[in-house]
Amino acid sequence: MTTSQLILIVAIAIVVVLGVVVLARRSASPTDARELLTEGPAYLAKTRSALGGRLQKLFGAAASTSEFWQGLEEALLAADVGVVATDEIVQRVKERHPEGAEEARRVLREELLSEFGDRPRDLHLTGAPSVIVVVGVNGTGKTTTIAKLAALFAREGKKVILGAADTFRAGADAQLKTWAERVGADIVSGHEGSDPASVAFDTYEAAKARGHDVAIIDTAGRLHSKHNLMQELGKVVRVLAKTAGEVGETLLVIDATSGQNAVTQARVFTEQVGVTGVVLTKLDGTARGGVVVAVERELDIPVKLIGTGENFGDLVPFVPCMFIDAMLEDT
Ligand SMILES: Nc1nc2c(ncn2[C@@H]2O[C@H](COP(=O)(O)OP(=O)(O)OP(=O)(O)O)[C@@H](O)[C@H]2O)c(=O)[nH]1
Ligand SMILES: [Mg+2]
């Protein structure tokens, strides 16, 4: 073997090893929130630089001046923590008389965390198949979230079927089909104008007959103020509950960029269809990550997952302490 052949073989071996390392890093589970959050996740970069940056300046000053308290209030409001929550949190921090910057930061962290309690945040998957219904206003990220969930379950070795019960928007069925192909899930189509509750029913029956572990039902986006559409959604959930015995999760998808509006919308969905968990999407595109505090506080329903981008790997579990730490981090 000549020297140039030897060099070529070594070069190929190096390229192959590098390729394997890169692929292994890419396929690392995106659900490992712990790992992502300790690095200060990219999806909170905007919130971090707005809130963390403001706090950093504040905490450099004395923790008892009126400018300090006003600055703290403004920083929390700007991050969309909400008026009532901000008032109460600032008041509680004040009452604890933190001495110096570090203590003020620690006390604020504790008070923010106390907003979350210890609600269970794991997805409640019961039954064979387990049923998940995904609801929310238009364009919040329902269909994308379904693709992300399907990809997550597929990685766990589960057999997944999607139900295209958004029979309202033209192209919704095709969009879900494209995702199903990409993530390796089966699908029950819903023709435009057909009854969404029938599609949901057919999906459950198909899942049962064909041995799927999870059936995820997509629904049309709807404004909470449209009474008839909310009733239609109620029917979808009722039919599934009756057919399956239990709906494991009714997930409400909320767009984090819609701020406090989202809280009002969410309240109506919660009343109408018995939401069991919230998925907060598009956190990567907003400096208002504090909305997670307002949502959970106002609705008394756990935020379970966070959407962090447009790809099917961009979904992480919501872990309050890590989220708050990442949000308060210095920039
Ligand atoms: N940056 C970002 N974009 C997202 C996220 N989730 C969804 N999107 C984008 O939001 C847009 C709407 O997503 P869809 O999944 O179609 O939303 P939907 O709620 O199903 O919409 P309708 O069915 O029309 O009500 C798409 O461009 C998605 O790529 C997220 O977590 N981050
Ligand atoms: Mg959709």
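Located above this text is the structure these notes cover.
Conventions adopted
Residues numbered from 1 in each chain as written. Chains lettered and ligands numbered in written order. Predicted model: local features only at pLDDT ≥ 70, side-chain atom pairs only at ≥ 80, totals over all residues. Heavy atoms only, no water. Phe/Tyr/Trp six-rings, centres within 6.5 Å; stacked < 30°, edge-to-face > 60°. Buried < 20%, exposed > 50% of the residue type's maximum accessible area, 1.4 Å probe, protein only. Helix = DSSP H or I, 4+ residues; strand = E, 2+ residues; numbered from the N terminus. Near = heavy atom within 4 Å. Polar contact = N/O pair within 3.5 Å; in protein donor to acceptor, adjacent residues only side chain to side chain. Areas by Shrake-Rupley, 256 points an atom, 1.4 Å probe, with all protein chains shown as cover. Nonpolar A, V, L, I, M, F, W, Y, C, P; charged D, E, K, R; others polar. Pairing = 2+ DSSP bridges. Axes fitted to C-alpha atoms, helices over the stretch in contact; angles between N-to-C directions. Contact = heavy atoms within 4.5 Å.

Digging into the packing of aromatic side chains
Part 1: With the rule as written, the count across this model stands at four aromatic pairs.
Part 2: Judged by centre distance (5.0 Å) and plane angle (85°), the rings of Phe 68 and Trp 69 are edge-to-face. Take Phe 68 and Trp 69: they sit in the same class, and that class is buried.
Part 3: Aromatic pair Trp 179 and Phe 312: ring centres 6.4 Å apart, planes at 85°, arrangement edge-to-face. Taken together, the residues Trp 179 in helix α8 (residues 172–183) and Phe 312 in the loop between β7 (303–307) and β8 (315–317) connect sequence positions 133 residues apart.

Observations regarding the site of ligand 1
Part 1: In the region of ligand 1, 19 residues are neighbours, and Lys 142, Thr 143, Thr 144, Asp 284 and Glu 310 sit closest.
Part 2: Between ligand 1 and the protein, one listed contact pairs an oxygen atom with a backbone N or O atom of Gly 139 at 2.9 Å.
Part 3: One nitrogen or oxygen atom from the side chain of Asp 284 is found 2.6 Å from a nitrogen atom belonging to ligand 1.
Part 4: Out of a free accessible area of 650 Å², ligand 1 has 81% covered by protein chains.
Part 5: It is helix α7 (residues 142–155) that provides the largest number of residues to the shell around ligand 1, a total of four residues.
Part 6: Across the shell around ligand 1, the residue classes break down as no nonpolar, 12 polar and seven charged.

Remarks on the sheet that holds β7
Part 1: Pairing is mixed across the open sheet formed by eight strands, whose spatial order is β3-β2-β4-β1-β5-β6-β7-β8. The open sheet has two edge strands with one neighbour each: β3 (186–188) and β8. Taking the axes of each pair of neighbouring strands and ignoring which way they run, one obtains an average angle of 25° across the sheet.
Part 2: Here five bridges tie strand β5 (residues 249–255) to strand β6 (residues 277–281), and the two strands are oriented parallel to one another. Across the sheet, the residue bridging to Leu 252 is Val 278, located in β6.
Part 3: Strand contacts of helix α11 (residues 261–273): β1 (130–135) and β5, with the helix running at about 165° to β5, the strand carrying the most contacts.

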